[in-house]
Amino acid sequence: MDPYSYFPAGFSDKYSILEWRHALAILKGEFSEQFEDLCEVLGAFELRESSIMQGGGGKSLVSGFLDGALHKRGWAEKGFDTATVIDGVTYATPTHKIDCVKGRIALDIEWNNKTEFYDRDLNNFRMLHTLGAISVGIIVTRDSSLQADVFNPLNIGSKYGASTTHLNKLIPKVDGGGAGGCPLLVIAVKSGAFVAGK
């Protein structure tokens, strides 16, 4: 099924949407509250010029809006305390904190980080799904087309380098098995979400 058919009209203009292992059927069919949260937050999101023109350092305004809006709906940053037992000896294997978790749905936002953050996210999702802690992992990132469509015309292309987190860097990692058997949904912000002068 076309992944855009799950979402409200207009999402194909604002986002590239990809899924693996029937993530959308699981999300919409079994976790309708989380899916509705996602639709409403993404529907309200605007990629404002002021948000991407700011200086570096700390969490971006883009990430701050997205996880802030989800946190208001009951999602929360969460680390999982996991452990491996070998011959009676317990080895703690805590996970990296995930940006937004609600029930069995985990979501990370990677706007302009090093691409190694994708490896961390996928590894987290793979392990937590194997352990039965999550049902679907979601990554929200930026579409690679933003570089030519938005960043370069604004003369900020150097801020968003080719080696940072964007869709073309993520897909090979997923196709290479980075998420293991975890159903995965990837949503990448496109130029249709961009609002100039705001």
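Residues numbered from 1 in each chain as written. Predicted model: local features only at pLDDT ≥ 70, side-chain atom pairs only at ≥ 80, totals over all residues. Heavy atoms only, no water.

*Asks:* I tried to follow the nonpolar core on my own but got confused; where do I start?
*Replies:* The nonpolar side chains of a soluble globular protein tend to be buried, and buried together. Formed by 39 residues in total, the largest nonpolar core has its most connected members in Leu47, Ile52, Leu107, Trp111, Ile138 and Leu185. If you list the elements that add at least two residues to this core, you get β1 (15-20), α2 (23-30), α3 (32-44), α5 (61-71), β7 (105-109), β8 (136-142), α7 (146-151) and β9 (184-189). When sequence neighbours within four positions are dropped, the list of residues in contact with leucine 47 reads Ile52, Val62, Trp111, Leu146, Val189, Ala193, Phe194 and Val195. Counting 19 residues, the second-largest nonpolar core is a separate cluster that includes Leu122, Ile134, Ile139 and Cys182. (Core = buried A, V, L, I, M, F, W, Y, C linked by side-chain atoms within 4.5 Å. Buried < 20%, exposed > 50% of the residue type's maximum accessible area, 1.4 Å probe, protein only. Helix = DSSP H or I, 4+ residues; strand = E, 2+ residues; numbered from the N terminus. Contact = heavy atoms within 4.5 Å.)

*Asks:* What am I meant to see in the side chain of aspartate 67 here?
*Replies:* Positionally, aspartate 67 belongs in helix α5. Judged by relative accessible area, aspartate 67 falls into the buried class, the value being 6%.

*Asks:* Honestly, the packing of aromatic side chains in this entry has me stumped. Any pointers?
*Replies:* For any pair of aromatic rings, the description consists of the separation of the ring centres together with the inter-plane angle of the planes. Scanning all chains against the criterion turns up five aromatic pairs. Taken together, a centroid distance of 5.8 Å and an interplanar angle of 45 degrees make the contact between phenylalanine 45 and phenylalanine 65 tilted. Placement of the pair is phenylalanine 45 in the loop between α3 and β2 (47-48) and phenylalanine 65 in helix α5, with a sequence separation of 20 residues. Judged by relative accessible area, which is 37%, phenylalanine 65 ranks as partly exposed. An aromatic cluster is defined as three or more aromatic residues linked by ring pairs; in this entry it consists of Phe7, Phe11, Tyr15 and Phe35. Note that lysine 78 overlies the ring of phenylalanine 80, its terminal NZ or CZ placed 4.8 Å from the centroid. (Phe/Tyr/Trp six-rings, centres within 6.5 Å; stacked < 30°, edge-to-face > 60°. Lys NZ or Arg CZ within 6 Å of the ring centre and 35° of its normal.)

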